[in-house]
Amino acid sequence: MTATRLLVVTAVTAERDRAAAGFDGGGAPGTHTVPGHTLLRTGGHAGHPLRTDLLAGGVGPAAAASAASAALTAAALRGEPYDLVVTAGIGGGFQPLAPIGAVVVADRLIAADLGADSPDGFLSVDALGFGRTVHHAPPDLSREAAHALGAVHGPVLTVSTATGSAETARLLAERHPGAAAEAMEGFGVAEAAASHGVPVLEIRTVSNAVGPRDRAAWRIGEAMAALTTAFAALAALLEKDPTLIPPRPDTN
Ligand SMILES: O=C(O)c1cccc(C(=O)CC[C@H]2O[C@@H](n3cnc4c(=O)[nH]cnc43)[C@H](O)[C@@H]2O)c1
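Here is what the cut-offs are and how they apply
Residues numbered from 1 in each chain as written. Predicted model: local features only at pLDDT ≥ 70, side-chain atom pairs only at ≥ 80, totals over all residues. Heavy atoms only, no water. Helix = DSSP H or I, 4+ residues; strand = E, 2+ residues; numbered from the N terminus. Rg over C-alpha atoms; globule rule 2.2 N^0.38 Å. Contact = heavy atoms within 4.5 Å. Areas by Shrake-Rupley, 256 points an atom, 1.4 Å probe, with all protein chains shown as cover. Lys, Arg positive; Asp, Glu negative; His and termini not counted. Charge placed at Lys NZ, Arg CZ, Asp CG, Glu CD. Axes fitted to C-alpha atoms, helices over the stretch in contact; angles between N-to-C directions. Parallel < 35°, antiparallel > 145°, perpendicular 65-115°, else oblique. Left-handed = near helix turned anticlockwise from the far one by under 90°. Nonpolar A, V, L, I, M, F, W, Y, C, P; charged D, E, K, R; others polar. Buried < 20%, exposed > 50% of the residue type's maximum accessible area, 1.4 Å probe, protein only. Arc of directions from axis to C-beta. UniProt positions renumbered as here; feature names shortened; annotations may be inferred. Core = buried A, V, L, I, M, F, W, Y, C linked by side-chain atoms within 4.5 Å.

Where an unreviewed UniProt entry is consulted, the protein chain appears under the name Futalosine hydrolase, with the organism given as Streptantibioticus silvisoli.

Observations regarding the overall build of the protein chain
From N to C terminus, the protein chain includes seven helices and twelve strands. For 252 residues, the compact-globule estimate of 2.2 N^0.38 gives 18 Å, and the C-alpha radius of gyration of the protein chain, at 17 Å, lies within 12% of that figure. Taking as baseline every contact in the protein chain between residues at least 6 positions apart, the subset at least 24 positions apart corresponds to 75%. Counting only carbon and sulfur atoms, one obtains 56% of the accessible surface of the protein chain, whose full area is about 10,900 Å². The distance from the centre of the 17 positive side-chain charges to the centre of the 24 negative ones in the protein chain is 4 Å.

Quick notes on the packing of helix 2 (residues 61–78) against helix 6 (residues 186–195)
With their axes 7 Å apart at the nearest point, helix 2 and helix 6 run at an angle of 30° to one another. By the angle between their directions, the pair helix 2 and helix 6 is classed as roughly parallel. The crossing of helix 2 and helix 6 is right-handed. Across the interface between the two elements, P61, A64, A65, A68, S69 and L72 from helix 2 touch G188, V189, A192 and A193 from helix 6. For the contact of helix 2 with helix 6, the residue count by class is eight nonpolar, two polar and no charged.

Considering helix 4 (residues 139–149)
Considered for burial, the residues of helix 4 that qualify are L141, S142, A145, A146 and L149. With its buried residues spanning 130° around the axis, helix 4 presents them on a single face. Along helix 4, the residues that are exposed and aim more than 90 degrees away from the buried face are P139 and H147. Residues of helix 4 that are buried sit in contact with strand 5 (84–93), strand 6 (103–111), strand 10 (152–158), strand 12 (200–209) and helix 7 (220–240).

Quick look at the UniProt feature "domain: Nucleoside phosphorylase" (unreviewed entry) in the protein chain
With numbering aligned to this structure, UniProt lists the feature "domain: Nucleoside phosphorylase" (unreviewed entry) at residues 56–238. The distance from the first to the last C-alpha atom of residues 56–238 is 22 Å, and the span holds 39% helix and 26% strand.

A word on the nonpolar core
The biggest cluster of nonpolar side chains holds 33 residues, and the ones touching the most others in it are V86, L201, I203, F231 and L234. Elements represented by at least two residues in this core include exactly strand 1 (4–10), helix 1 (13–20), strand 4 (50–56), strand 5, strand 6, helix 4, strand 12 and helix 7. Counting residues in each nonpolar core, the second largest holds 31 residues, with A64, A102, A106 and V152 among its members.

As structure tokens, then:
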């Protein structure tokens, strides 16, 4: 039986290493390189159901998309395409839905500031007719993952500037009803995954509230540690039911 192949993309190495610790790969992770990046690899030996590559691609949607694209392309050229891409890391939580310490699994990954300003307010690129601003996670997978992780299940916004005022938080929540979290990479990774026809999931552990910048209130260490627990639960779910991942188009 072929192992399910996962690509996990974080912004920084601390997030990558915390995520990797959630996988029981049967030993210390190995490494391999793709142009511009070194990936950790767990699992994948004979009889192991999951093979996971983990990549710290940098902060922001452009760095994340570039890194994810390099890994996806290298895997496709090796003839070993990924089955699922997971974009993950710490994030800001919209209050009161996702308090500090919560975990969020995205049902939708939304580019919240991709568009144009106008006297009448923000116009997204899809409203303008020249792009898209939303990617959907596979519904069954994201719902079951949220349940398994004890997570809030809702939209995760991708922004290029972390929110630092009550006014911006209010505007984002008004524009995206039900928004659970914001971070800076998800939509970029989703664009890369979509161009390869690979489904995407986003997991955020909440380190801070979306709102007025209050650096002293951030709980980065706790949110980093929560990534390990979250990925252990995700690995258990996918080992139990790999059919939650929609099949690749070429295996239909
Ligand atoms: O303002 C600061 O002093 C500060 C210190 C450390 C880190 C930051 C970040 O903005 C980290 C961005 C990084 O973490 C994710 N993240 C975490 N919380 C948020 C948020 O509320 N809004 C957007 N991104 C967040 C993000 O995905 C980046 O990878 C600031």
